Amino acid sequence: MIRRMLAGGLIAGFAAGLLAALLHFAFVQDLILLGEQYESGALVHFETSGAAPAATGHDHAAGEAAGSHVHGAADPGAESALQRNALTVLFTALIYAAYGILLVAGFAVAEQFGRTVSPGEGLLWGLAGFAAFQLAPAMGLPPELPGSVAADLGARQMWWLATVVATGGGLALLGYGRTALSAALGGALLAAPHVVGAPQLDQFYGVAPPELAATFAGRVLGVGFVVWAALGWLAGRLWSSASA
């Protein structure tokens, strides 16, 4: 059981991670590089008409925001594009390998309760993983483009973790619960993090254009949706094949 769980999770996770890296390079990376230019001050927006760019800077407290986050390499000249891309592929594959192991661990638990996980049901598990790890947290803490600002990191991490656990538990109760009480409890768990609310700033002063940040958030979630669906289907297929 453990060997099957590890093998299936790792294979599905690495495959999904490679897909995620490919989609990242196609749809997301250019936005990150552009955001880093706003973060560093190489680009500005909302300049005062008629004033020299060097004098105007940015009307959203660019100096404060530019130094508030570290996204990737602090000095673009310190590492080559090849090294950066290789590290992106490596860490994306490792992250999704971990997600794959978590997913097949869930399959194993479901099997103990008499559920048979097919590729189709694995797809649903993958979409539930996307909802728990990305979509629900993004409702309070959307993906951050370099040059954006956010609340205290520790508070955001705690809210993110609580949201993942509550959303996963709520979806499990809705999907596998058989009573009205379990359905009500599942709905309450889904709503609880958003009733409490994610940590927020008192004011907004990021240096990245909001239009760029919105496009970035949408693409990150779109990529996540596709990759989690692929991860769930492949993990379910490997699991059902090993069970046959």
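Predicted, not measured: the structure shown is a model, and the values here were computed from it.

## Quick word on the pattern of salt bridges
Opposite charge on two side chains lets them pair, provided their charged atoms get close. Applying the stated criterion to the full structure yields three salt bridges. Of the charged contacts, one joins R115 and E121 as a salt bridge, the two residues approaching to 3.5 Å between their closest N and O atoms. As a salt-bridge pair, E144 and R156 come within 2.5 Å of each other at their nearest N and O atoms. Placement of E144 in the loop between α5 (119-138) and α6 (153-176) and of R156 in helix α6 is noted, with a sequence separation of 12 residues between them.

## Digging into the environment of A208
Relative to the helices and strands, A208 resides in the loop between α7 (180-196) and α8 (210-243). Owing to a relative accessible area of 9%, A208 belongs among the buried residues under this scheme. Residues A208 and E39, 169 residues apart in the sequence, show an inter-C-alpha distance of 6.7 Å. Discounting residues that sit within four places of it in the chain, A208 has contacts with Y38, H45, L145, P146, G147 and S148.

Conventions and cut-offs
Residues numbered from 1 in each chain as written. Predicted model: local features only at pLDDT ≥ 70, side-chain atom pairs only at ≥ 80, totals over all residues. Heavy atoms only, no water. Salt bridge = Lys/Arg side-chain N within 4 Å of Asp/Glu carboxyl O. Helix = DSSP H or I, 4+ residues; strand = E, 2+ residues; numbered from the N terminus. Buried < 20%, exposed > 50% of the residue type's maximum accessible area, 1.4 Å probe, protein only. Contact = heavy atoms within 4.5 Å.

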